[in-house]
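# Fold and contact review
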Amino acid sequence: MSIIVMKFGGTSVADINCIKNVAKKIRNELRNNHKIVVVVSAMAGTTNQLIDWVKEAAANVNKREYDVVVSSGEQITSGLLTLALSDLNIYSRSWLGWQVPLLTDRIHSKASIVKIDTKAIKNFFKTGDVAVVAGFQGVNSNGDISTLGRGGSDTSAVAFAAALKAKRCDIYTDVEGIYTSDPRIVSKANKLVKVSFEEMMEMSSQGAKVLETRSVALAMKYGVRIQVLSSFKDTLGTFVVDEEEIMEKKVVSGIAHSLNVAKITIVGIPDKPGQAAKLFSGLAQSSINVDMIVQSSSPDSNSTDLTFTVPETELKFAIDAINKTKFDVGFKEILSDIDVGKIAVVGVGMNARPGVAQKMFESLAEKSINLQVISTSEIKISILIEASYVELALRTLHSAFDLDK
Ligand code: ADP
Ligand code: ASP
Ligand code: MG
């Protein structure tokens, strides 16, 4: 018996018609004699609405209760899709995270998956055909509902595919695959046939929300074959594969961007060993993702400044965490800026060929775009710029690196 995982994002289940369309797609896949695990997101806009309500209800949000509320969107879609499937005479059943159970750690609102118990689903497959699982949610060892962080249904899907040794993990969404850049912003973006795990990890972590970063990491670790494809068109999507499967190693395969980013500068840190460790341990304890870290010290003073980025949605928590270290570290002040955006050019061929940075900086200079922070990895160069220049920079770099259609 082979198992396929099919994941449907928010726009794919946005209303009852969309849900019926999804049910038909599942029926088509069943004709190939698979058992199917379907992972669903909440209907488009629902999670945002739930988060707004949570924020309205209380100034200080208790994260256990946050998870109780925001996980409910996926409960609705899992039930509705199962009903639509039964209308097509398909034997299916819905499963909430705790019913599977999908066990997570105890970090509410950003939990990590610890284990998926597949016994009950496998037992169901002795007679049933489709297990519809609510994505984005699990249960922790206290018996409390947990959620996996925004975009977490992708991670649920890949985790089920790994746990059940599924033949494929198809991620259905509102675009036809993974493109050289966000096709909603760069009209000349091209659909990729294949992209490597490493490249996709960088693209996702730098803002390409078509796949959530942790889902790509999990797929790489467990060798899950992901395909990203459209819920609305019957076209082949993009496969995320091992680097060895890609014959032509492009210098730049894609350009990602994010506007959900804030810059923090900690000014006047007395220059002695252990300071960065103290500052970042507070941020780590609060599970805040830090990126683009740059330290600058001037030779004629004995203090340094530290600049880095965090997701804009986590800025307040980051500042609170840093302030807690103020007495110990003894810095002067914290500056922050949310009027920034991040752009990253990514490609596995980059480390073998020099000149990428120079080409990137030159193209941006021609458009008078000022670079605030630069950071690099083997297969990525990312920059932080003023938010209003992000679209221009994206299109400029897309042309400069010959990615236009
Ligand atoms: P879903 O609700 O199906 O999970 P998301 O909104 O999370 O969908 O992700 C799909 C969106 O990702 C697309 O609509 C597109 O705007 C955006 N996106 C960003 N970068 C890329 C890229 N490189 N390729 C394709 N889509 C991208
Ligand atoms: N519904 C959740 C979100 O909007 C999870 C997901 O769609 O992947 O973030
Ligand atoms: Mg998504």
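The rules behind each value
- Residues numbered from 1 in each chain as written.
- Chains lettered and ligands numbered in written order.
- Predicted model: local features only at pLDDT ≥ 70, side-chain atom pairs only at ≥ 80, totals over all residues.
- Heavy atoms only, no water.
- Salt bridge = Lys/Arg side-chain N within 4 Å of Asp/Glu carboxyl O.
- Helix = DSSP H or I, 4+ residues; strand = E, 2+ residues; numbered from the N terminus.
- Buried < 20%, exposed > 50% of the residue type's maximum accessible area, 1.4 Å probe, protein only.
- Near = heavy atom within 4 Å.
- Polar contact = N/O pair within 3.5 Å; in protein donor to acceptor, adjacent residues only side chain to side chain.
- Areas by Shrake-Rupley, 256 points an atom, 1.4 Å probe, with all protein chains shown as cover.
- Nonpolar A, V, L, I, M, F, W, Y, C, P; charged D, E, K, R; others polar.
- Axes fitted to C-alpha atoms, helices over the stretch in contact; angles between N-to-C directions.
- Parallel < 35°, antiparallel > 145°, perpendicular 65-115°, else oblique.
- Left-handed = near helix turned anticlockwise from the far one by under 90°.
- Contact = heavy atoms within 4.5 Å.

Below, the discussion takes up the pattern of salt bridges. Across all of its chains, the model carries 19 salt bridges by this definition. Where D154 meets K7, a salt bridge forms, and the shortest distance between an N and an O atom there is 2.7 Å. Remark: K7 occurs in strand β1 (residues 3-8) and D154 occurs in helix α6 (residues 153-163); sequence separation between them is 147 residues. Close ionic contact of K191 with E176 constitutes a salt bridge, the shortest N to O distance being 3.8 Å. One end of the pair, K191, is in the loop between β9 (168-173) and β10 (194-196); the other, E176, is in the loop between β9 and β10, with 15 residues separating them in the sequence. Judged by its relative accessible area of 31%, K191 is partly exposed.

This paragraph deals with the site of ligand 2. Taken together, the residues surrounding ligand 2 are S41, A42, T47, E74, F136, R150, G151, G152 and S153. E74 is positioned with one of its side-chain polar atoms (N or O) 2.7 Å from a nitrogen atom of ligand 2. Contact distances for ligand 2 include 2.9 Å between an oxygen atom and a backbone N or O atom of G151. The protein chains hide 86% of the 260 Å² of surface that ligand 2 would expose on its own.

Let's shift gears to the site of ligand 1. The local shell around ligand 1 holds 17 residues, among which T173, D174, Y179, D182 and R184 are the closest. Measuring from an oxygen atom of ligand 1, one finds a side-chain N or O atom of D182 at 2.8 Å. Between ligand 1 and K209, the relevant distance is 3.2 Å, taken from an oxygen atom to a side-chain nitrogen or oxygen of the residue. Notes on ligand 1: free accessible area 570 Å², of which the protein chains cover 89%. When its residues are assigned to classes, the shell around ligand 1 shows seven nonpolar, five polar and five charged.

Turning our eyes to something else, we now look at the packing of helix α1 (residues 16-30) against helix α4 (residues 72-87). Axes are the key here: two packed helices are described by the angle between their axes and the distance separating the axes. Remark: α1 packs on α4, axes separated minimally by 9 Å, with the N-to-C direction vectors making an angle of 60°. Put simply, α1 runs oblique to α4. In terms of crossing hand, the pair formed by α1 and α4 is right-handed. Note on element contacts: α4 touches α1 through T77, L80, L81, A84, L85 and D87, opposite I16, I19, K20, V22, A23 and I26. Looking at the contact of α1 with α4 residue by residue, the classes come out as nine nonpolar, one polar and two charged.

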